Amino acid sequence: MNRVEIYRGWCKQCGICIAFCPHQVLEADDSGYPVVRNPEKCTGCLLCEMRCPDFAIVVNKDEESREETGSPAGK
Amino acid sequence: MKKAVRKQVLLQGNEACVEGALMAGCRFYAGYPITPATEIMEIMARKMPGASGVFIQMEDEIASLGAVIGASLAGSKSMTATSGPGFSLMQEHIGYASMAEVPCVIVDVMRAGPSTGLPTQPSQSDVMQSRWGTHGDHPIIVLAPSSVYEFFELTVQAFNLSERYRTPVILLVDELVAHMREGVILPTRDSLEIEDRPHPTVPPEWYIPYADPGTGVPAMPAFGEGYRYHVTGLYHDVRGYPTVRTDEVEPLIHRLFNKISKDYDRLQWFDAFATEDAKITIIAYGCVARAALRAVQQAREKGLKVGLINLKILWPFMRRTISGILENSAKVLVPELNIGQISREVKRINQSRCEVLTLNKVDGTPIKPAEILRTLEEVYS
Amino acid sequence: MREAEHLVHKYLRSSKRFPHIWCSGCGIGIFMQALVRVIDQSEYSKDDIVLISGIGCSGRLPVYVDFNTLHTTHGRALTFATGIKLANPRLKVITVMGDGDAVAIGGNHFIHAARRNVEIASFILNNNVYGMTGGQSSPTTPHGAITASAPYGNIEPDFDICRLAEAAGAVLVARSTVYHTRLLERLIGMALKKKGFSVLEVVSQCTTYTGRFLQLNSPVEMLKWQKDNAITVEKAKQLSDTELEGKIVIGVLVNRERPNYHEQYQSLLGKKSKV
Ligand SMILES: Cc1ncc(C[n+]2csc(CCOP(=O)(O)OP(=O)(O)O)c2C)c(N)n1
Ligand code: SF4
Ligand code: SF4
Ligand code: SF4
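Think of each chain on its own: its residues are numbered from 1, step by step along the sequence as written. As a convention, the first chain written is A and the first ligand written is 1, with the rest following in written order. The predicted nature of this model means local features are confined to residues of pLDDT at least 70 and side-chain atom pairs, given and counted, to a pLDDT of 80 or more, with totals for whole chains, interfaces and linings taken over all residues. For side-chain calculations, the full set of non-hydrogen atoms in the structure is used, while hydrogens and water are omitted.

## Digging into the nonpolar core
Counting 157 residues, the largest nonpolar core has Met 79, Val 107, Leu 143, Leu 314, Val 346 and Ile 372 of chain B as the members making the most contacts within it. Runs of E in the DSSP output that reach at least two residues are strands. Runs of H or I that reach at least four are helices, and both are numbered from the N terminus. Broken down by element, this core gets its largest block of residues, 9 residues, from helix H6 (residues 148-165) of chain B. For the purposes of this description, domain bounds are those given by an automatic or database domain assignment. Here this core spans two domains, and each of domain 1 (8-191) and domain 2 (273-379) of chain B adds at least three residues to it. A contact between two residues is defined here by any heavy atoms of the two lying within 4.5 Å. Setting aside anything within four residues of it in sequence, one finds Val 107 of chain B in contact with Cys 17, Ile 40, Met 79, Thr 80, Ala 81, Thr 82, Phe 151, Leu 171 and Val 173 of chain B. Throughout this description, the term nonpolar core refers to a set of buried Ala, Val, Leu, Ile, Met, Phe, Trp, Tyr and Cys residues connected via side-chain atoms within 4.5 Å. Throughout this description, buried means an accessible area under 20% of the type-specific maximum (1.4 Å probe, protein chains only), exposed means over 50%, and partly exposed covers the range between. The next biggest cluster of nonpolar side chains, apart from the first, holds 52 residues, and it includes Ile 16 of chain A together with Met 32, Leu 51 and Leu 61 of chain C.

## Quick notes on the site of ligand 1
Think of it this way: one heavy atom of a residue within 4 Å of a molecule or strand is enough to make that residue near it. Around ligand 1 sit 17 residues, and of these Cys 57, Asp 99, Gly 100, Asp 101 and Gly 131 of chain C come closest. Those chains with residues close to ligand 1 are chains B and C. The backbone of Cys 57 of chain C places a nitrogen or oxygen atom 2.8 Å from an oxygen atom of ligand 1. Polar contacts here mean pairs of N or O atoms no more than 3.5 Å apart (in protein, one a potential hydrogen donor and the other a potential acceptor; neighbouring residues in sequence count only if both atoms are side-chain atoms). Between an oxygen atom of ligand 1 and a side-chain N or O atom of Asp 99 of chain C, the distance comes to 2.8 Å. Protein chains bury 75% of the 590 Å² of accessible surface belonging to ligand 1 in isolation. A 1.4 Å probe and the Shrake-Rupley method give the accessible areas. Residues count as covered only by the protein chains that appear here.

## So, the pattern of salt bridges
The term salt bridge refers to a side-chain nitrogen of Lys or Arg lying within 4 Å of a carboxyl oxygen of Asp or Glu. Taken as a whole and assessed by the stated rule, the structure comprises 38 salt bridges over all chains. Arg 37 of chain C serves as the salt-bridge partner of Glu 185 of chain C, at 3.2 Å between the closest nitrogen and oxygen. Placement of Glu 185 of chain C in helix H7 (residues 181-193) and of Arg 37 of chain C in helix H2 (residues 27-40) is noted, with a sequence separation of 148 residues between them. Neither residue differs from the other here; Glu 185 of chain C and Arg 37 of chain C are each classed as buried. Salt bridges sharing partners connect three or more residues here, namely Arg 228 of chain B together with Lys 46, Asp 47 and Asp 66 of chain C.

## Concerning the interface of chain C and chain B
Of the residues lining the interface, 41 residues belong to chain C; the matching set on chain B comes to 41 residues. Both faces considered, chain C and chain B share a buried interface measuring about 3,400 Å² in area, 58% of it formed by carbon and sulfur atoms. Accessible surface is computed with a 1.4 Å probe, and the buried area is the amount of it that two parts give up when combined, taken over both parts together. Contact with chain B buries area across many residues of chain C, yet His 71, Phe 80 and Tyr 265 of chain C alone supply 15% of it, more than any other trio. Run the count over chain C and chain B and you get 4 salt bridges. One salt bridge connects Asp 66 of chain C with Arg 228 of chain B, and the closest N-O pair in it is separated by 3.0 Å. Linking chain C with chain B are 18 residue pairs in polar contact (both at pLDDT 80 or more). Those elements that provide at least two residues to the side of chain C that touches chain B are strand E2 (68-71), helix H3 (77-87), helix H5 (107-116) and helix H12 (261-266) of chain C. Top contributing element to the side of chain C that touches chain B by residue count: H3 of chain C, with 7 residues. Any residue that is not Ala, Val, Leu, Ile, Met, Phe, Trp, Tyr, Cys, Pro, Asp, Glu, Lys or Arg is counted as polar, Gly included; the first ten are nonpolar and the last four charged. Grouping the amino acids of the side of chain C that touches chain B by side-chain chemistry returns 15 nonpolar, 16 polar and 10 charged.

## A short note on the pairing of strand E4 (residues 77-82) of chain B
Residues and elements named next belong to chain B. Burial runs high along E4: 6 of the 6 residues are buried. Side-chain alternation along E4 places Lys 77, Met 79 and Ala 81 on one buried face and Ser 78, Thr 80 and Thr 82 on a second face that is also buried. Pairing geometry for strand E2 (residues 26-31) and E4, over 3 bridges, is parallel. In the sheet register, Tyr 29 faces E4, and the bridge partner there is Met 79. Bridging between E4 and strand E5 (residues 104-109) involves 4 bridges; their strand directions are parallel. Bridging across to E5, Thr 80 finds its partner in Ile 106. Two strands qualify as a pair provided that DSSP identifies no fewer than 2 bridges between them.

## Considering the packing of aromatic side chains
Only the six-membered ring of Trp is used, alongside the rings of Phe and Tyr, when aromatic pairs are assigned; centres must lie within 6.5 Å, and planes under 30 degrees apart are stacked while those over 60 apart are edge-to-face, with the rest tilted. Inspection of the entire model under this criterion finds 15 aromatic pairs over all chains. Judged by centre distance (5.3 Å) and plane angle (65°), the ring pair of Phe 20 of chain A and Tyr 179 of chain C falls under edge-to-face. One end of the pair, Phe 20 of chain A, is in helix H1 (residues 16-20); the other, Tyr 179 of chain C, is in the loop between strand E5 (172-177) and H7, on a second chain. The pair formed by Phe 20 of chain A and Tyr 179 of chain C is uniform in burial state, with each residue classed as buried.

## Side note on the arrangement of the chains
Across the 2 pairs of chains in contact, the largest number of contacts is found between chains B and C. Looking at chain A next to chain B, you find no contact at all, with the nearest C-alpha pair sitting 19 Å apart.

## Observations concerning the environment of Thr 79 of chain C
You can see Thr 79 of chain C is positioned in helix H3. If sequence neighbours within four positions are ignored, Thr 79 of chain C has contacts with Met 58, Glu 59, Ala 63, Gly 66, Ala 67 and His 93 of chain B together with His 109 of chain C.

## What to know about the pairing of strand E11 (residues 280-284) of chain B
Residue and element names in this part refer to chain B. Judged by how many residues are buried, E11 sits mostly within the fold: 5 of 5 residues are covered. The side-chain alternation of E11 yields two buried faces, one formed by Ile 280, Ile 282 and Ala 284 and the other by Thr 281 and Ile 283. Two elements, E11 and strand E12 (residues 306-311), share 5 bridges in a ladder whose sense is parallel. By the bridge assignment, Ile 282 is partnered in E12 with Leu 308. By definition, the crossover connecting two strands over a helix is right-handed if that path, from the first strand to the second, turns clockwise as seen with the strands pointing away from the viewer. Regarding topology, helix H9 (residues 286-301) serves as the crossover connection from E11 to the parallel E12, and that connection is right-handed.

## Description of the interface of chain A and chain C
Taken residue by residue, the interface counts 35 residues in chain A and 32 residues in chain C. Summing both sides of the interface, chain A and chain C together bury roughly 2,900 Å²; the carbon and sulfur share of this comes to 59%. Our count for the contact surface shared by chain A and chain C stands at 1 salt bridge. Applying the counting criterion to the chain A and chain C interface returns 10 residue pairs in polar contact (both at pLDDT 80 or more). Taken together, the elements giving at least two residues each to the side of chain A that touches chain C come down to strand E1 (3-6), H1, helix H2 (47-51), strand E4 (57-60) and helix H3 (63-66) of chain A. The residue makeup of the side of chain A that touches chain C, split by class, is 18 nonpolar, 7 polar and 10 charged.

## Regarding the environment of Asn 255 of chain C
All names here are of chain C. Here Asn 255 is to be found in strand E8 (residues 248-255). Distance in space between the C-alpha atoms of Asn 255 and Thr 208 is 34 Å, their sequence separation being 47 residues. What Asn 255 contacts, discounting residues up to four positions off in sequence, is Val 171, Leu 172, Met 190 and Lys 194. A distance of 2.6 Å separates polar atoms of two side chains, one belonging to Asn 255 and the other to Lys 194.

If you want it as structure tokens, here you go:
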């Protein structure tokens, strides 16, 4: 399973990662920080990570799902 | 074996400037045409490709100095040349070069201003602008040649000083010196002492870009050499990162001044003529110093005890040298092609030691020896 | 592998304090990550890259990344870039500018850098406003918008940065939004590879000021606006000018070849004048 990690120290609670996750994996907590609510739904598309203006979210991809998706920049 | 004799060549001031620049190692020129400095640009356009250097005509003078600073950061000794209106436009980047400590040389062949002014006549009216034209406290070095050979020589020195202190250096030249032709014997490249900016002596991991190594002048690698660092016009810490910390801001501005002021004694460049017993000493620079020399010779023939100090460095002002003159003369005469710019500085440090007289001409024509002689005779008593 | 973490460690300056200075949700950070990601996948080493900015919020970008970085004066990034590229053509020269930076105060430099075709990859972060100075109008602020300097509504028309770049001679002209991150990365990659002057307009959100005049109240709404109004170059071709009103055309707008300044200058090297 993909693991999504949030660095609270750098996160500015903009909500972008939550709003644009295609599979509603993330949710805001009471202070607006993203928390992982539905980890099993994460496809590892990396969109949350790529759109985070603060380098505050990291998707640790499960090796199997790594091939089909991900950044078009390379690999 | 016959020794090679260096031939005398007839050069225009602006040509001599280019020769000096190339010999000093200048390999990047960016500029914008303007009278009476244009020849420097045109000769650079012809010569740079042959010297494996870069010439580029930019869209204006702000861009010219921007490109010059960029090239210097990439490791090239670089310069530009202009006149009053262009010099005004360059002020923003003179401040940048001063703050970011990027060596570069700027030639200002002066015209009378303000504004478009008198494009083709001699003037010395940018003395104060060269000192304080860009905003904020900043150090600056300004040199003023009074002959074709000196234009060559001081151009070489301008590069040396800018490299040594990592600071912009300005050559303030009047139209007469820029356009006159004189026979000169140029030295060989090997006989000249050429200075280069201090290079880091530590590996990149240890390099701290704006740390003071003791000399006040931090080591400067070229972009691309492996020393990745940040350059900004903002106040910065020793790593080059922007800061507003009082304990970082103040030391920076003091270091910028001190790196040059610690060497004031080395920066007293002048020619003295018949000053030992002079009752009146003329303080002059540029083309006016030439007229003054003639006037002093004629006055001496008439038995007047007068002398001349020809200033090669205008800024930092040679306080020590001038103080000596003020101490030992009864009167000092400061002839200038402006409304009174260096005389103002002379008066400032005079502190009533002697009488400071001025002779200012602002009608677009040079000061003639006879005019200076007449004044000397009038005030000699 | 941990993607962003790897980028963070490899490219962000560890000696620099984070989080960065930009406001919550500001698009500049999204662009910064895309740039770093593309460079990570490219052949360039960190030593090869010179990243140059002007002044503005976008001007603060270079300080965070571990390249040769240069924060110049307002509007003049391209002049420094020109000097650097010509003095050492082996360097990969990249500029990052704001909209006011690039086409107001720096407009003339922009036009002439494009005309000369010096090899510079230039990225313009267009947030339609002067962010750093507090939300005044820029040359890309829409007509009618209320800004800090147009309290009764902007009476000036805005202009199209890409059309300006095309007319001036840029060899690659493209546009993306920060919402379209994958496209953004692809276009950044193309711009870096182009052997001439390339322009990528990056439509970005100033969450603090632009939102106000577009009546968009959060970073999320602003990204939705980018998503909803963007239209690809291919689709745009089938629409009339009135249908395109208010749309953001994204993709490659111009891709052509022209000898660049440096190649032409090379042919002069060694020339000696007889004069
Ligand atoms: C010569 C000069 N004029 C004005 C300023 C003040 N100033 C700083 S940033 C800026 C505008 C920034 O807007 P933009 O270029 O669109 O970049 P943004 O902040 O939106 O990223 C201005 C006017 C300056 N620094 N220098
Ligand atoms: S990687 Fe994709 S699916 Fe997973 S949380 Fe991020 S945006 Fe959602
Ligand atoms: S996008 Fe980044 S900064 Fe914004 S809420 Fe998510 S993790 Fe935080
Ligand atoms: S003011 Fe606007 S452009 Fe500047 S950092 Fe904030 S959101 Fe970004």
